[in-house]
Amino acid sequence: MSEGGLEQKYIQEAFDTNWVVPLGPNVNAFEDDLKNYVCSKENGDKICDREVVALSAGTAAVHLALLACGVGPGDEVLVQSFTFCASSHPITYLGATPVFIDSERETWNMDPELLEKAIIDRKDKTGKFPKAIVPVALYGMPYQIDRIMEIANKYNIPVIEDAAEGFGSRYNGQVLGTFGKYGVLSFNGNKMITTSGGGALICPNREAWQEIMMFATQYRESYPYYQHEKIGYNYRMSNICAGIGRGQMTVLEDHINHHKKVQKMYEELLKDVMGVSVNSQPSTGRYDSNYWLCTITLDPSLKIKGQENTYKTIVTGAVGGAAGVIHAASSATTDCQPNDNVEALRVYLDKAQIEARPVWKPMHKQPVYKNAPAYVNGVSEEIFKVALCLPSGPCVKEDDIKYIVDTIKSAIVD
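This one's a predicted model, so the numbers in the text were calculated from it and none came from an experiment.

On to the packing of helix α9 (residues 252–270) against helix α12 (residues 398–411), then. One can describe the packing of α9 onto α12 by two numbers: an axis separation of 10 Å at closest approach and a directional angle of 35°. Note that α9 runs across α12; the crossing there is right-handed. Across from Lys261, Val262, Met265, Tyr266, Leu269 and Leu270 in α9, the residues of α12 making contact are Glu398, Ile401, Lys402, Ile404, Val405, Ile408 and Lys409. Looking at the contact of α9 with α12, its residues break down into nine nonpolar, no polar and four charged.

Set out below in structure tokens:
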């Protein structure tokens, strides 16, 4: 049966059995599939004590993991700055303060040296250690988790791995999301597999799983009527979405292999294009990225057709992602934006019916976080100015990649 056939089969079963709710057989089976995946081929029995809760979004997973780590009003959480806002926004939901940590150049992810510096400094400034550490697998690239865990254990701070973009990525053969206390996954429409929307939280053991499950289902006590002794949330995944996820799990490895193939094609076809570099994983053998998105960087001196016209008008629609609703900008520019040649290439590709996106704008440069503490070295800001994401999903074929590369070449001013 085809991938789509399996998804339709499980969805139909949900309707036939009247399980059109945020729980049910598909949810249970999807959680089992996820558990079997993250526990397979791992080192040590403790990994296989992990349990997984399927949720309505990856953001919900971050929120519940923070809650389980005891984060509350007045606390601080160390979080990677180079990321999507879902890594940091849930910290504020709980009345806590995000403390942003800049990136190292090797993986573009959380810099362990800055992390330790921040831990020591926050303790000196506030009198207490941060409540959690949130590294992020940017575009699927594994973080330096061995060093991050070493530092976290030294100061007894729990790690919440945001592997929303890194489902299937590994470090030293071990699945991301299984190193720290909790691991976050996302199944948004553009991720490695999708449930149309949704996410999951990898929990350290059955006891933690049970508590997360309670928080995800309004924290109801075991009475014949509704009694609540803690504030809970309506965060469980629907049985319909989980049916999609069950079908998608059967092609996860195919999707990962496809993304890796796309990455290799970009590397090969762009290797001789002056001024354009494909970002790749370190060659140490420890990193195994799923290459959720393939990224390139442009030399600031590179000239792109139409570059002289960039940032002259206010953008009126959302660029990339699932964000269909945006707030009208007051200006065509900000104090931190991609270089003119990067924006010119994005526009040039867009006119050729190719969707390219800027990389994430660092959170410490976002207006909403202007007062948040940040430990920076300039790396994420530098990358944000020169980098662009290229199409890499399951629908991108070899001929598409050749067309994209040819278009990039045609955009360059000789």
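Read on for the rest.
The element strand β3 (residues 97–101) is extensively covered by neighbouring structure, given that four of its five residues are classed as buried. Across five bridges, the pairing between strand β2 (residues 76–80) and β3 is parallel. Its bridge partner lying in β3, Val77 is registered against Pro98.

Right, let's talk about the sheet that holds strand β15 (residues 387–390) for a bit. Spatially, four strands are ordered β10-β12-β15-β13 in an open sheet, and the strand pairing comes out antiparallel. Strands with a single pairing partner mark the edges of an open sheet, and in this sheet they are β10 (276–278) and β13 (357–358). The strands touched by helix α11 (residues 379–386) are β12 (294–298) and β15; relative to β15, the strand with the most contacts, the crossing angle is about 60°.

Right, let's talk about the layout of surface pockets for a bit. By volume, the second largest pocket is sized at about 400 Å³. What lines the second largest pocket is a set of 23 residues, and nearest its centre among them are Asn190, Leu293, Ser392, Gly393 and Pro394. Going through the elements one at a time, α9 and β15 are the ones with two or more residues in the lining of the second largest pocket. Split by residue class, the lining of the second largest pocket holds 11 nonpolar, eight polar and four charged.

Okay, the nonpolar core next. Side chains that are nonpolar tend, in soluble globular proteins, to be buried together. One finds Phe30, Leu115, Ile133, Phe167 and Phe187 to be the most contacted residues of the largest nonpolar core, which totals 60 residues. Among the elements that make up this core, the one with the highest residue count is helix α2 (residues 25–39) (six residues). Ala61, Phe215, Tyr235 and Ala372 belong to the second-largest nonpolar core, a separate cluster that totals 36 residues.

Conventions and cut-offs
- Residues numbered from 1 in each chain as written.
- Predicted model: local features only at pLDDT ≥ 70, side-chain atom pairs only at ≥ 80, totals over all residues.
- Heavy atoms only, no water.
- Axes fitted to C-alpha atoms, helices over the stretch in contact; angles between N-to-C directions.
- Helix = DSSP H or I, 4+ residues; strand = E, 2+ residues; numbered from the N terminus.
- Left-handed = near helix turned anticlockwise from the far one by under 90°.
- Contact = heavy atoms within 4.5 Å.
- Nonpolar A, V, L, I, M, F, W, Y, C, P; charged D, E, K, R; others polar.
- Buried < 20%, exposed > 50% of the residue type's maximum accessible area, 1.4 Å probe, protein only.
- Pairing = 2+ DSSP bridges.
- 1 Å grid on protein atoms, 1.4 Å probe; cavity = no way out; pocket = protein on both sides within 12 Å on 5 of 7 lines; lining within 4 Å.
- Points joined across faces, edges and corners; volume = space filled by probe spheres on them.
- Core = buried A, V, L, I, M, F, W, Y, C linked by side-chain atoms within 4.5 Å.

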